[in-house]
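# Fold and geometry: a report
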2 protein chains.
Amino acid sequence: MFEKYNEKDISMTFAKGLEVLEAFSGTDRSMTIPNIAEKTGLNRTVARRLVLTLQYLGYLECSNRVYKLTPKILGLAGEFLQGRDIGKHVTPILRSYSLKLGEGISFAMLDGTEAIYVAHSPSDPGMITQGFTVGYRLPLHATGIGRVLVAFSTDEMQEQLLQDAPRTAYTEDTKIDLEDLRLDLKKARINGYALVANEFEQGVTSLAVPVMRGSALIGALGIVGPTPRFEDANGLFERILALRECAEAIAVFA
Amino acid sequence: MFEKYNEKDISMTFAKGLEVLEAFSGTDRSMTIPNIAEKTGLNRTVARRLVLTLQYLGYLECSNRVYKLTPKILGLAGEFLQGRDIGKHVTPILRSYSLKLGEGISFAMLDGTEAIYVAHSPSDPGMITQGFTVGYRLPLHATGIGRVLVAFSTDEMQEQLLQDAPRTAYTEDTKIDLEDLRLDLKKARINGYALVANEFEQGVTSLAVPVMRGSALIGALGIVGPTPRFEDANGLFERILALRECAEAIAVFA
DNA sequence: ATAATTTGATCGATAATCGAACTTATGTTT
DNA sequence: AAACATAAGTTCGATTATCGATCAAATTAT
């Protein structure tokens, strides 16, 4: 179970506690103690102690026996973001290219078998921002950013991701066949970008390029928009070049 | 030590683990195990197990014995943000008022004895964004947002915050006297906004209004800029009105 | 008002955690 | 290059924090 990790080196209690914290996800934004116990599979008394610990430390607040996350959790995220110079350097760079292109640009990194948004520069005034925030998760197989993250991982990692990541068919066009995906990943690797149309949502296309430092993958930059907008070759190339320039500027940090 | 909390209801191991996670702050973005042990005051072997647990769960990554946070921590932040509709509703509202005013608007909430950034809409093109990101912490006593958060807390909480929050003198103008602050808080409460000039940084002023649901304080909205820009009364009133309108629009969510 | 259900408190057995001491690895100095 | 100094990994018995079955209290439903 613990692969290369020694069982003695893992603190069960701590792991369970984090499991409780992670339980506040999806639709379960506020939960009672029994809810949490059930969702995590922990004994009710155990869950209770871990929940009270989180409350004591300020990560959870309780009203009418219903617990929910407090903004304190953002503090931890802030440490990560500041540590990687996201606010100070990456976001401003994103923003300047975003204005140049007139499109929202997102920066995401690999987290387990998902992509996770690290920074986002919204599109021009008037456009509807799709509600992407820091910490938003995207599937790897059906998005431009995801496909780039897989394509530019090491061969070993790529295979692991192909095996482990879920391949939900979000639309009729979603590629879920492993061989189809392998081909597309190879294509992305050769082209230096990924263009994924209608696979996550009908009528929506995403374009992404890798952010590399040397041969090491750091993350991916992507833009999203209505599919027709990506059908003009000149416009597409212009976007790719701008994204690559942006990626290079970002690679210095992060 | 554990105030109203029963000692038996706090999981020491879990608390220690979170302490390790929190240790990755400020200048200590990457640390070795002995570093972490020293900073947290934990036994080295204990710190090691907690660190390995965090690594096993994907919250930390290690290269050359130096550990640092992974983007996974953003996932937890994302759950909070999605749970409060920040990305979907709050940020777009912020953005529309931001464009109307031509200034960056920030939304922050109370976290312990600090304010913490929950959402931010950057200012117009060209302006230098000050590197404020989600999770960024601000002192309560020397900023507009902080002062609003204290002023519109319950009397009991207000007094607690006055007692507990540190009062660093960031500039010559920083109010650190309790009575001065009490007076200013009263003023903010009556006026319905706080204007704090040169107390956090010379030449910089911040203006903030509360975000309330009924009589309950949810957070605060603020704008920051060069002090002279806030000296024109008409401009000031216009900003206050816009911020209040924005606050009301946001109060429905969060 | 009573029953049913949910939530909170108790406490001994158990097993996970702790940490001192030791071994191994790294990298720094002479 | 050898010796030293420092840092990291491992081991294992003592300790004590954690676990969870059981009971008590509170809340809600009938």
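### A closer look at the overall build of chain A
A count of helical and extended segments in chain A gives nine helices and nine strands. For 254 residues, the compact-globule estimate of 2.2 N^0.38 gives 18 Å, and chain A sits close to it at 20 Å. With the C-alpha coordinates of chain A rotated into their principal frame, the extents come out at 60 × 40 × 35 Å. Considering chain A as a whole, with its 254 residues, one finds that 53% of them fall into the buried category. Across chain A, every contact between residues at least 6 apart in sequence was considered, and the portion connecting residues at least 24 apart equals 55%. Of the roughly 11800 Å² that chain A leaves accessible, carbon and sulfur atoms contribute 50%.

### A word on the protein's contact with DNA strand C
Pro34, Arg44 and Arg48 of chain A together with Asn43 and Arg49 of chain B are the nearest of the 18 residues found near DNA strand C. For DNA strand C, the fraction of atoms within 4 Å of the protein that belong to sugar or phosphate moieties is 74%. At 3.1 Å from a phosphate oxygen of DNA strand C is found a main-chain nitrogen or oxygen belonging to Thr13 of chain A. For DNA strand C, a phosphate oxygen lies 3.0 Å from a polar atom in the side chain of Lys16 of chain B. When contributions to the surface near DNA strand C are tallied by element, the ones reaching two or more residues are helix 1 (12-22), helix 2 (33-40) and helix 3 (44-56) of chain A together with helix 1 (12-22) and helix 3 (44-56) of chain B. Among the residues making up the surface near DNA strand C, the classes are represented as five nonpolar, six polar and seven charged.

### Topic: the relation of the copies chain B and chain A
Once chain B has been moved 0.0 Å along the axis and rotated by 180°, it coincides with chain A to within an RMSD of 0.1 Å. The symmetry that links the two subunits is that of a two-fold axis. The position closest to the rotation axis in chain B is occupied by the C-alpha of Phe14 of chain B, lying 2.3 Å away. Of the interface residues in chain B, 100% have counterparts in chain A that sit at the interface too, so the contact is made through matching surfaces.

### Observations concerning the domain arrangement of chain A
Partitioning chain A into structural domains gives domain 1 (7-70) and domain 2 (76-251). One C-alpha centre belongs to domain 1 of chain A, the other to domain 2 of chain A, and the line joining them spans 32 Å.

### Looking at the interface of chain B and chain A
Listed per partner, the contact involves 69 residues of chain B and 69 residues of chain A. Here chain B and chain A share an interface that buries about 6000 Å² over both sides, 67% of which is from carbon and sulfur atoms. In terms of surface lost to chain A, no three residues of chain B exceed Phe14, Tyr56 and Leu74 of chain B, which account for 12% of the buried area on that side. Joining chain B to chain A, the criterion identifies six salt bridges.

### Things to note about the pairing of strand 7 (residues 194-197) of chain B
Across a regular strand the side chains alternate sides, sitting on one face of the sheet and then on the other. The alternating pattern of strand 7 of chain B places Ala194 and Val196 of chain B on a buried face, while none of Leu195 and Ala197 of chain B, on the opposite face, is buried. Counting the residues between successive antiparallel strands, the hairpin from strand 7 of chain B to strand 8 (residues 204-213) of chain B contains six residues, one of them, Asn198 of chain B, with a positive phi of roughly 60°.

### Some thoughts on the side chain of Thr171 of chain B
Residues and elements named next belong to chain B. Secondary-structure assignment places Thr171 in the loop between helix 7 (155-164) and helix 8 (178-191). Among the residues examined, Thr171 registers a relative accessible area of 14% and is labelled buried. Reaching out from Thr171, the side chain makes a polar contact with the backbone oxygen of Asn198 at a distance of 2.6 Å. In contact with Thr171, not counting residues within four places along its chain, are Asn198, Glu199, Phe200, Glu201 and Gln202.

### Section: the side chain of Thr53 of chain B
Along the chain, Thr53 of chain B turns up in helix 3. Within the local environment of Thr53 of chain B, its side chain forms a polar contact with the backbone oxygen of Arg49 of chain B, the two atoms lying 2.7 Å apart. Discounting residues that sit within four places of it in the chain, Thr53 of chain B has contacts with Asp9, Ile10, Ser11, Phe14 and Ala15 of chain A.

### Let's talk about helix 7 of chain B
All names here are of chain B. Of the positions making up helix 7, those classed as buried are Gln158, Leu161 and Leu162. Here the buried residues of helix 7 occupy an arc of 100° about the axis, which is enough to place them on one side. The elements touched by buried residues of helix 7 are strand 4 (105-111), helix 6 (144-151) and helix 8.

### Topic: the protein's contact with DNA strand D
Near DNA strand D there are 19 residues, and of these Lys16 and Asn43 of chain A together with Met12, Pro34 and Arg44 of chain B occur at the shortest range. Contact between DNA strand D and Ser11 of chain B: a phosphate oxygen at 3.0 Å from a side-chain N or O atom of the residue. When residues of the surface near DNA strand D are traced back to their parent elements, those giving at least two are helix 1 and helix 3 of chain A together with helix 1, helix 2 (33-40) and helix 3 of chain B. In terms of residue class, the surface near DNA strand D is built from five nonpolar, seven polar and seven charged.

### Quick look at the environment of Thr133 of chain A
In this structure, Thr133 of chain A sits in the loop between strand 5 (114-121) and strand 6 (137-139). Linking Thr133 of chain A and His120 of chain A, residues 13 residues apart in sequence, is a C-alpha distance of 7.2 Å. Dropping the residues within four chain positions of it, Thr133 of chain A is found in contact with Tyr117 of chain A together with Leu81, Ile86 and Gly87 of chain B.

### Remarks on the sheet that holds strand 1 (residues 30-31) of chain A
All names here are of chain A. Ordered in space as 1-3-2, the three strands form an open sheet in which the pairing is antiparallel. Sheet topology places strand 1 and strand 2 (60-63) at the edges, where each strand pairs with a single neighbour. Looking at chain direction, strand 1 and strand 3 (residues 66-69) are connected through two bridges and run antiparallel. Following the sheet pairing, Ser30 is matched in strand 3 by Lys68.

### A word on unusual backbone geometry
All names here are of chain A. Although it is not a glycine, Asn64 adopts a positive phi angle of roughly 55°. Among the secondary structure elements, Asn64 is positioned in the loop between strand 2 and strand 3. According to the relative accessible area criterion, Asn64 is exposed, its value standing at 75%. A positive phi angle is found at Asp85, which is not glycine, with a value near 60°. Judged by its relative accessible area of 24%, Asp85 falls in the partly exposed class.

The rules we used
- Residues numbered from 1 in each chain as written.
- Chains lettered and ligands numbered in written order.
- Predicted model: local features only at pLDDT ≥ 70, side-chain atom pairs only at ≥ 80, totals over all residues.
- Heavy atoms only, no water.
- Helix = DSSP H or I, 4+ residues; strand = E, 2+ residues; numbered from the N terminus.
- Rg over C-alpha atoms; globule rule 2.2 N^0.38 Å.
- Buried < 20%, exposed > 50% of the residue type's maximum accessible area, 1.4 Å probe, protein only.
- Contact = heavy atoms within 4.5 Å.
- Areas by Shrake-Rupley, 256 points an atom, 1.4 Å probe, with all protein chains shown as cover.
- Near = heavy atom within 4 Å.
- Polar contact = N/O pair within 3.5 Å; in protein donor to acceptor, adjacent residues only side chain to side chain.
- Nonpolar A, V, L, I, M, F, W, Y, C, P; charged D, E, K, R; others polar.
- Least-squares fit on C-alpha atoms with pLDDT ≥ 70 in both.
- Domains from an automatic or database assignment.
- Buried area = accessible area lost by both parts, 1.4 Å probe.
- Salt bridge = Lys/Arg side-chain N within 4 Å of Asp/Glu carboxyl O.
- Pairing = 2+ DSSP bridges.
- Arc of directions from axis to C-beta.

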